[in-house]
Amino acid sequence: MADAPDALGLKLYKRAQKLREKRNSRFDSNWQQLSQYFWPDMSDINTDKTEDEDWFQRLFSGMPIRASSTCANGVRNWVTPSTDPWLGMAPPYNLLKQSAFTNPRLNRLSSPQADNADDTGRDEATRWCDDVASQLLEWFSEGNFYSVVQPFNRSGCTFGTALMFMEEGKATTFNFEQFKVGTYCISENDQKIVDTVFRWFKLTVRQAAQKFGEEGLTDQMREAIAKGDFDKEFKFIHCVYPNDEFRHGALGPDGMAFASVHLHEDTKKTVSRGGFEEMPYFCLRWSRWGTENQVWGCSPAYEVLSDARAINSYVQNYIALVEQKAFPRVIAPDSVYGEVEQAAGQVTVVKAEDMARGVMPKEWMTEGQPEELVELINMTREDINEAFFVNIFKALSQLKEKITESTYGAIALLQGENLDQFTGTFDQYRTELINPLVRRGIGIAYRAGLLKDPPQSLYVRPGNDPRAEPELVAPKVSIKSRVTLALAQAKIVGTEKTLQMFAPLMPERPEIGDNFNWNNVTRSSGRGNGMSESDFLPLKQVLAMQEQRAKMKKQELALRAAEIAAKGAGALGRAPAKLQDKAGEMIDSAAQPAA
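Keep in mind that this is a model prediction, so the values were computed, not measured.

1. Structural notes on a nonpolar patch on the surface
- The grouping of Ile 331, Trp 364 and Met 365 at the surface amounts to a nonpolar patch, some 310 Å² of accessible area in total.
- With respect to the helices and strands, the residue Trp 364 is situated in the loop between strand 13 (362-363) and helix 11 (370-387).
- By relative accessible area, Trp 364 is classed as partly exposed at 44%.

The structure is reproduced here in structure tokens:
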């Protein structure tokens, strides 16, 4: 049979199914509950829903939804803001060699090692890295990165795990896509890095033919095309994993660090086989569970799920209590004519003798007080907001608007103190999203010839093999987002305080200044304040200027010494011949132009 499963397809399908069964038994039902309270329009994880259904049913408080959305926006605005140059890169000099990977293709953009370089060589590489970082940010902006990273962030803070895919774009340099939990499974290597992804998805037969080519489709798909049923859907599995058959320099899939296989789920048949030079999937775990070998992440939503349930119940009861106050229960004597009218301006007729005896309609069982419920709602709201860093992000936004020259240092320190609470999550972002994102972007652009020629100091030979072709090393990612800039301000304030302390002493004790590398202090402070590398003159040019200035200073001192020597001898005409000759030599030497 033409549609019988092939050996590779069957092997990958069995592994994918085992991972999915394990995930289903532990996480799918949890994610469904989380989505119902924190992200209702994603609440079809383990159940089928249609657009006609009320996805927000049984929700009486939107507070948990707003908290998760605010957190996702805060991460985007403070880690990867589209309006700020948040990405910086630096040369990987003097880094310890990371030997986790034995695959040369992985070493190319994952664990490079470069020879030490002098200051000028390092400066050339630094400027190249800065230019490339700026170019990457432009490509991210012209593509769909910022629209994709928003739901990616929300998936992380809600479900604890988020997955993004990066590939070469057709209309743009890069194309990104993020995926909902429950549609994929992941596996880690021995260093707890996700290196394997199985993802389930659907395509119409027309889309499948465009993506894989008609020759790779199953008989069922080709039959649908022949009948003109182009919108018929089929299920597929995308499998990406380390390529055990990798051969350096080989063409085609065997020359790729990661294998990429697409399966038709029903027939277990391989419809496409390829590969990637770098891992194209980026998997973020917001935080890690304490359980050993647990690949899925934990999240703020997990921490306050009970609070979300509680506040939903509190608000439901509060609404019922308010309705009861507005439309109270009424007990009425049987002598009332007609209904008890409760609308404004309406009249209820009661017998006069009943009224005389005080027998008339009255409120009944409306003694509930809303104040205690309001207090419970506010307490629970604070717990949820704290878990999602809502107050921190709001406070930082307000602080940013209040920054002036006189308050800059104090507010910078306060920003740093606030963001200290977020640094654990920020470290996860740097490790599991930003670093692989940048390296993947450099790899795509470098192979496409879109980067200007790097300096020689950024090339290495794989395995230090002198016969190997030189390859570009991966620069060290230096994030310059609002988070790192705010944290860096605390360090800059420390530098400012140190200089302010010693500045009054330097005129009398100039040797104090010898403790500082003034070029580094100047550049580090500028970078910490968000200056671009292009704002600085090349270090080679600065050193040449400083050398020229030192020679001119030396010439000036020599000329002054000659004048002093001449005056000390009185009139040269009355001085001994030997002293006159010496003074002349000093003046001639001082008059020589600096080399």
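From this point on, the discussion continues.
2. Description of the confidence of the model for the protein
- Averaged over all residues, the pLDDT of the protein is 81; the fraction at 70 or higher stands at 78%.
- In this model residues 94-118 is a low-confidence stretch, pLDDT under 50, and it forms 53 contacts with partners more than four residues away in sequence or in other chains.
- Here residues 403-414 scores under 50 on pLDDT; set against residues more than four positions off or in separate chains, the count is 14 contacts.

3. So, the sheet that holds strand 3 (residues 174-179)
- Spatially, 3-2-9 is the arrangement adopted by the three strands of the open sheet, whose pairing is antiparallel. Where the open sheet ends on each side, the last strands, each with one partner, are strand 3 and strand 9 (281-285). On average, each strand axis in the sheet is inclined to that of its neighbour by 20°, with strand direction left out of account.
- Two elements, strand 2 (residues 161-168) and strand 3, share six bridges in a ladder whose sense is antiparallel. In the strand pairing of strand 3, Glu 167 is matched with Asn 175.
- Each of strand 2, strand 3 and strand 9 is contacted by helix 5 (residues 145-159), which is oriented at about 160° to strand 2, the strand it contacts most.

4. Re the packing of helix 9 (residues 305-326) against helix 11
- Packing of helix 9 against helix 11 leaves a shortest axis separation of 9 Å and a crossing angle of 155°. As far as their axial angle goes, helix 11 and helix 9 are roughly antiparallel. Considering the relative orientation of helix 9 and helix 11, their crossing is left-handed. Contact residues: helix 9 offers Asp 307, Ala 308, Ile 311, Tyr 314, Val 315, Asn 317, Tyr 318 and Leu 321, while helix 11 offers Pro 370, Leu 373, Val 374, Leu 376, Ile 377, Thr 380, Arg 381, Asp 383 and Ile 384.

5. Thoughts on the environment of Asn 243
- Here Asn 243 shows up in the loop between strand 6 (233-242) and strand 7 (258-264).
- Classification of Asn 243 by relative accessible area gives buried; the value is 10%.
- Taking the C-alpha atoms as reference points, Asn 243 and Ser 260, 17 residues apart in sequence, are found 8.6 Å from one another.
- What Asn 243 contacts, discounting residues up to four positions off in sequence, is Pro 253, Asp 254, Met 256, Ala 257, Phe 258 and Ala 259.

6. A look at unusual backbone geometry
- Positive phi, close to 65°, is recorded for Lys 192, a residue that is not glycine.
- A residue is classified by how much of its surface remains accessible, and Lys 192, at 34% relative accessible area, is partly exposed.
- Within the chain, Lys 268 stands out as a residue other than glycine whose phi angle is a positive 60°.
- Tracing the backbone through its elements, the reader meets Lys 268 in the loop between strand 7 and strand 8 (269-276).

7. Side note on the pattern of salt bridges
- Counted under the stated rule, the structure contains 16 salt bridges.
- Measuring nitrogen to oxygen at the nearest pair gives 2.6 Å for the salt bridge that ties Arg 447 to Glu 278. Here Arg 447 is found in helix 14 (residues 423-447), whereas its partner Glu 278 is found in the loop between strand 8 and strand 9, with 169 residues between them in sequence.
- You can call Glu 278 buried: its relative accessible area is 9%.
- One network of salt bridges, with partners in common, ties together Glu 188, Arg 285, Arg 288 and Glu 432.

8. Points about the packing of aromatic side chains
- One pass over the structure, following the stated rule, counts 23 aromatic pairs.
- Relative to Trp 296, the ring of Phe 27 lies with its centre 6.2 Å away and its plane at 50°, an arrangement referred to as tilted. Taken together, the positions of Phe 27 in helix 1 (residues 7-38) and Trp 296 in the loop between strand 10 (287-288) and strand 11 (297-298) put the pair 269 residues apart, joining distant regions of the chain.
- Relative to Trp 296, the ring of Trp 31 has its centre 5.1 Å away and its plane inclined at 75°; by these criteria the two rings are edge-to-face. A residue pair is termed long-range when its members are at least 10 positions apart, and Trp 31 in helix 1 and Trp 296 in the loop between strand 10 and strand 11 qualify at 265 residues.
- Overall, Trp 31 belongs to the buried group, its relative accessible area being 0%.

9. So, the side chain of Ser 68
- Here Ser 68 shows up in helix 2 (residues 63-79).
- Using a relative accessible area of 0% as the deciding quantity, one classes Ser 68 as buried.
- A distance of 3.3 Å separates the side chain of Ser 68 from the side chain of Arg 154, its partner in a polar contact.
- In this structure, Ser 68 is in contact with Phe 38, Arg 154, Cys 157, Thr 158 and Phe 388, ignoring residues within four places of it in sequence.

Calculation notes
- Residues numbered from 1 in each chain as written.
- Predicted model: local features only at pLDDT ≥ 70, side-chain atom pairs only at ≥ 80, totals over all residues.
- Heavy atoms only, no water.
- Patch = residues over 30% accessible without salt bridge, like charges linked within 9 Å, V, L, I, M, F, W, Y side chains within 5 Å.
- Areas by Shrake-Rupley, 256 points an atom, 1.4 Å probe, with all protein chains shown as cover.
- Salt bridge = Lys/Arg side-chain N within 4 Å of Asp/Glu carboxyl O.
- Helix = DSSP H or I, 4+ residues; strand = E, 2+ residues; numbered from the N terminus.
- Buried < 20%, exposed > 50% of the residue type's maximum accessible area, 1.4 Å probe, protein only.
- pLDDT = per-residue confidence, 0-100.
- Contact = heavy atoms within 4.5 Å.
- Pairing = 2+ DSSP bridges.
- Axes fitted to C-alpha atoms, helices over the stretch in contact; angles between N-to-C directions.
- Parallel < 35°, antiparallel > 145°, perpendicular 65-115°, else oblique.
- Left-handed = near helix turned anticlockwise from the far one by under 90°.
- Phe/Tyr/Trp six-rings, centres within 6.5 Å; stacked < 30°, edge-to-face > 60°.
- Polar contact = N/O pair within 3.5 Å; in protein donor to acceptor, adjacent residues only side chain to side chain.

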